[in-house]
Each structure stands twice: as structure tokens, then as C-alpha cells.
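Coordinate analysis (summary)
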Amino acid sequence: MIRIRQVLAVPGMTPLLGISLVARAAITADAMALTMYVVLALGMSYAAAGAVAAALTAGVALGGPLLGRMIDRRGLRIVLLATVVPQIVFWLTVPVLPYVILLGASFAAGLLMVPVQSVTRQAIAAMTTAEQRRAAFALESVVGELSYMVGPAVVILCAAKVSPGVVAWGVGAAIVAGGAGIAMLNPPLRAEDEADGDAAGRPRRREWLGARMVAVLTMGFGVAMLLSGVDLAIVATLQEAGQVSWAAVVVVVFGVTSVVGGLVYGALPWAMPTWLLLGLLGLVTIPAGLAHDWSWLCVAVIGAGLLTAPTLSTVSDSVSRLAPAGVRGEATGLQASAASAGFAFGSPVVGVAIDASVPAGGFAAAGLAGLLAALTGYLLSRRSPAAAPSRSS
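These lines cover the structure that appears in this document, whether it is placed above or below. (Residues numbered from 1 in each chain as written. Predicted model: local features only at pLDDT ≥ 70, side-chain atom pairs only at ≥ 80, totals over all residues. Heavy atoms only, no water.)

1. Comments concerning unusual backbone geometry
- If you check the backbone angles, N186 has positive phi at about 50° while not being a glycine.
- Taking the relative accessible area as the measure of exposure, N186 reaches 36% and is therefore partly exposed. (Buried < 20%, exposed > 50% of the residue type's maximum accessible area, 1.4 Å probe, protein only.)

Have a look at this one:
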């Protein structure tokens, strides 16, 4: 764990990861908070709630690269101000908005979502050396896993105890606090030896968005699609077994093993290519469908859990290395958009597979999606053998 301790000793790294955890936990729960509000407070259907969540997700996917480009051109604090203020307005007004207006406002809120995840990744690339970066991104992926474990669970629990409108306010407050905290911390987004690169201007998109970057973004899409599909397959498997109440336990086991995998991978002295990690993740996901009760499913998801955070971290590491400093914001925004699209596609695709076969088909579909993305990433990477220039190469 020496590498992990070295990363945490980097000035500003610990508060950055702490603020990121709070904000990302809220952001991962924002769609759930809106779902609970539409269903419980407005008394509407889950389909109506899903439309609001989809509008928010679509906004996030479209807004990521745009906000990243603004950060590259205008700086961090200006973009944070431009996103924090709309979030304050949106979340304060959620409990009084009619459904139709809420639908449009959710898209706008997603479009102007505080770019915590992208900023954290840019800052990590700037604050660490080439030797530290893999361990740093492993820690960042662990923060992401913790946020997915904590955020939605807290929202569901609180929505059952207090008003869904109050829960929405709480989620909004955490998102705003995260944006304000990062603005106060003001982490560097360029390393000292990258500062002079600004004088050369922004490289043209075709110079950095080549086959290698497309390969990494494709694999980022694939791992997100796999993970969202696994969540649905877990619920479907346990529903068929009459044990759906145990789904939370299985998800926690999956998340904890992912955290362990991320910490172990970050401490290793060697790295693995993204396509190989994703391919292995897809392979170990498929046989999880053989489990037919919650206890065996807990065992079956351990392999996938151990590979999840390492795979996510290599995607982030690759993006940071392939993107020149002047466009790193746009590149990390594209990464966030690819992940959002993967999560959006994963559930319906796996849902179709489950409906057409059995719950085990959901794990098979999720695993095959990961394998296909890994193969695509590998083939695209081979088309461009020369890596894009970066300060670590």
C-alpha cells in the first residue's frame, strides 16, 4: 500500500477525494431522488418518473464535453459558478414544479450538472507524477464505487422517513456543497511542466480524438453498460427466487469487493491494459447467472467486483495520458458522457435479454457487452500504434 500512501500524501489530494465523494454520492442519487419525488409526492407512474430521470441523464451526457471545453478555455471557477447557481435554483424549486416543467428543467439541470467527476480526474492528472497516476486513479475509482453504494441507498432510506421534496433539497445541497468545496480548493488542472503548453493553443480535435482515444471511450461505454446490466440482472435473479429483499446485500458485496480490487490494483507495481481487464470482467460476469439464490450470488459476483474498480481506473488513466493538457477537460467530459450513455443503454438491453430468456441471460448479455467493447477497443488500439504525446511519455 506504499503507492496509495504516497498518493494520499500529495498536497490537496485527500481533501479533493473527500469533497468528490460527497458530491458524487449526491450526483449518483439525483435520478433516484427525482424518481422518488415523482412517484411518492406527485403520485405518478414509474414510467413518468423514468422519463424525468432519463431527461436528467441525457442532459448530463450532452453537457459533459461542453462543460469540459469551457473549463479548458475559461478556467475552473467560472464553470463551477455557471453550474452551481442553476443547481441551487433547480433543486430548490423541484417540490413546486408541475410535472411537464420538471421534465424540461431536469434536462437543463443535467446539462449544467457540476462537473465534479471530470474535474477530479483532471486534477489527479495534474497533481501526480506518471508513477503515481495509476494508484491515484485507482483511488478515484474507489471513491466512485463508494458513492454508488452510499448515495442511492441513503436517498431511498430518507424518502421513506421524510418528505421526498426534502430529500431532493438534501441532494441538491450536497451537489452545491461539492461544487463550492472544489471552487474553494481550486485544484490545479495543469501540471507545472504543462503550463507553457497553453501558449501553443488548443490542438485540433482530430489530432487527439483518434483511434486510441475512441478505443478508450468505447471501453468506458462498455464497462458502464456491463455494470448497469449486472444491477438489473441481480434484481431479476432474486425476484425469480423470491428473495428480492436480499438484492441490497448482493450489491453491497459487489461494491465492497470492487473497493478491495481498486486498492489492491493501485498498490501493484505493474499495470494491465484496459481491454484485458474489461475482457476478464466480461468473462467472469457471464457465469454469475448460474447462481439461483442470494448466498451463491454473493459468491458469484466477487470476481466481477474485484475487476470493476481496476477497469474503471485504467479507463481514466488512459484518457489522461492520451489527452493533451489543453483539451483534457473536453476529453474527461467525453469520458463522462460515454459512461452516462453506457448506463442508459445497459439496463434496457439486459432487460430485453432477461425477458426473452431467463434472468441468467441478463448476466450473459452484460458480460458479452463487456467482451464486445474490449474486443472493439483492442482492434481500434492496434490501428494507431503510436500513443498521443503526453507529459508522462
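2. So, helix α15 (residues 328-356)
- Between its terminal C-alpha atoms α15 stretches 42 Å, which fits the 42 Å expected from 29 residues at 1.5 Å a residue.
- The largest bend along α15 measures about 25° and falls at G346, with the proline P348 one to four residues further on. (Helix = DSSP H or I, 4+ residues; strand = E, 2+ residues; numbered from the N terminus. Expected span 1.5 Å × (residues − 1). Bend = angle between axes of the 7 residues up to and from the residue.)

3. Here we look at the packing of helix α4 (residues 76-93) against helix α8 (residues 164-185)
- Taken N-terminus to C-terminus, the directions of α4 and α8 make an angle of 165°; their axes are 9 Å apart at the nearest point. Compared by their axis directions, α4 and α8 come out roughly antiparallel. In this structure, α4 crosses over α8, and the sense of that crossing is left-handed. On the side of α4, the interface is formed by L76, R77, L80, V84, Q87, I88, W91 and L92, while α8 contributes A168, W169, V171, G172, I175, V176, G179, A180, I182, A183 and M184.
- Among the residues forming the contact of α4 with α8, the class breakdown is 15 nonpolar, 3 polar and 1 charged. (Axes fitted to C-alpha atoms, helices over the stretch in contact; angles between N-to-C directions. Parallel < 35°, antiparallel > 145°, perpendicular 65-115°, else oblique. Left-handed = near helix turned anticlockwise from the far one by under 90°. Contact = heavy atoms within 4.5 Å. Nonpolar A, V, L, I, M, F, W, Y, C, P; charged D, E, K, R; others polar.)

4. Some details on the packing of aromatic side chains
- Under the defined criterion, the tally for this structure stands at 5 aromatic pairs.
- Taking 5.8 Å as the distance between ring centres and 35° as the angle between the ring planes, the aromatic pair formed by Y148 and F343 counts as tilted. Taken together, the residues span a long stretch of sequence, with Y148 in helix α7 (residues 130-161) and F343 in helix α15 at a distance of 195 residues.
- Using a relative accessible area of 29% as the deciding quantity, one classes F343 as partly exposed.
- Between the aromatic rings of W275 and Y378, the centroid separation amounts to 4.7 Å while the plane-to-plane angle is 55°, which identifies the pairing as tilted. With W275 in helix α12 (residues 274-285) and Y378 in helix α16 (residues 359-383), this pair connects stretches of sequence that are 103 residues apart. (Phe/Tyr/Trp six-rings, centres within 6.5 Å; stacked < 30°, edge-to-face > 60°.)

Purely geometric stuff here, so don't read any function into it on its own.
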